[in-house]
Structures are given as structure tokens and as C-alpha cells.
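# Structural overview for review
Spelled out from the first residue to the last, the chains are:
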Amino acid sequence: MPLTTVDKLEIMELTARYNFAIDNRLAEEWADVFTDDGALWSDGNLRAAGRADLEEYMRVSARSGQ
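A brief look at the structure comes next. (Residues numbered from 1 in each chain as written. Predicted model: local features only at pLDDT ≥ 70, side-chain atom pairs only at ≥ 80, totals over all residues. Heavy atoms only, no water.)

## Regarding the packing of aromatic side chains
Convention followed: In this analysis, rings of Phe, Tyr and Trp, with Trp reduced to its six-membered ring, are considered paired at centre separations within 6.5 Å, and the interplanar angle assigns stacked below 30 degrees, edge-to-face beyond 60, and tilted for intermediate values. We call a residue buried when its accessible area falls under 20% of the maximum for its residue type, exposed when it is over 50%, and partly exposed in between, using a 1.4 Å probe and counting protein chains only.
Tallied over the full model, the rule gives four aromatic pairs. A ring pair is formed by Trp30 and Phe34, whose centres lie 5.0 Å apart and whose planes are at 70 degrees; its orientation type is edge-to-face. Accessibility expressed as a relative area gives 18% for Phe34, which makes it buried. Each residue in the set Tyr18, Trp30, Phe34 and Tyr57 is aromatic and connected to the rest through ring pairs, giving one cluster.

The following block contains the structure:
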């Protein structure tokens, strides 16, 4: 089934929220774009899993300037 216009707009909004949170190092807002049991994988490695871990990952990354 093809995506509807509403689906596409929701994906664009989610992407914008993700990027804004990353750019501004907003840990809580960034974690909000994931499901409660969401996970971040990078280069084949699990970096963070679950909301609290995602927020902490962002906070540590922000402090280290990554």
C-alpha cells in the first residue's frame, strides 16, 4: 500500500523534530522521537536502548561534543 500524503507529512515532521533535537542537543526531545522501547544502532553496534538510555546517550554525546 502506498504512503498517503498524511503519512508523508508525519514522516517529514518526525525527521524535522529529530534533526532539531540533534542540532540543539535536546536529550528529552530527541528521545521523544523514538518509541519507549526504541534503540539506536550505529555501525552495527547498539548504542542505546530504551528511553532513559537514549536520553543519557544524547547527554553524554552533547558533553563530549560528538
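Text resumes after the structure shown.
## Thoughts on the pattern of salt bridges
Short version of the rule: When a carboxyl oxygen of Asp or Glu is within 4 Å of a side-chain nitrogen of Lys or Arg, the pair counts as a salt bridge. In this text, helices come from DSSP runs of H or I with a minimum length of four residues, and strands from runs of E with a minimum of two, each type numbered from the N-terminal end.
For the coordinates displayed, the defined rule picks out six salt bridges. A salt bridge links Glu28 to Arg59, with the shortest nitrogen-to-oxygen separation between them at 3.8 Å. Of the two residues, Glu28 is situated in helix H2 (residues 27-32) and Arg59 in helix H3 (residues 51-64); the sequence distance between them amounts to 31 residues. For Glu28, a relative accessible area of 45% puts it in the partly exposed group. Asp43 is the salt-bridge partner of Arg47, the closest N and O atoms lying 4.0 Å from each other. Under the relative-accessibility criterion, Arg47 is labelled partly exposed at 34%. Among the charged side chains, a network of salt bridges with common partners joins Glu28, Asp32, Arg51, Glu55 and Arg59.

## Comments concerning the nonpolar core
Definition in use: Only buried residues count toward a nonpolar core, which is a set of Ala, Val, Leu, Ile, Met, Phe, Trp, Tyr and Cys residues joined through side-chain atoms within 4.5 Å. Contact between two residues is taken to exist if any of their heavy atoms lie within 4.5 Å; hydrogens are not considered.
Membership of the largest hydrophobic core is limited to 10 residues, which are Ala21, Ala27, Trp30, Ala31, Val33, Phe34, Leu40, Ala48, Leu54 and Met58. Of all the secondary-structure elements, those providing two or more residues to this core are H2 and H3. With three residues, the top contributor of residues to this core is H2. Leave out the neighbours within four places in its chain, and Ala48 touches Gly38, Ala39, Leu40, Asp53, Leu54 and Tyr57.

## Here we look at the side chain of Glu55
As for its placement among the helices and strands, Glu55 is situated in helix H3. Judged by relative accessible area, which is 11%, Glu55 ranks as buried. If near-sequence neighbours (up to four positions away) are discounted, Glu55 is found in contact with Ala27, Glu28 and Ala31.

## Remarks on unusual backbone geometry
Apart from glycine, the bulk of residues carry a negative phi angle, and the bulk of peptide bonds sit in the trans form. Positive phi is not limited to glycine here, since Arg25 has a value of about 55 degrees. Following the sequence through the fold, Arg25 ends up in the loop between helix H1 (5-24) and H2. Overall, the relative accessible area of 39% leaves Arg25 in the partly exposed class. With a phi close to 55 degrees, Asp43 is a non-glycine residue in the positive phi region. Positionally, Asp43 belongs in the loop between strand S1 (39-42) and strand S2 (45-49). For Asp43, a relative accessible area of 72% puts it in the exposed group.

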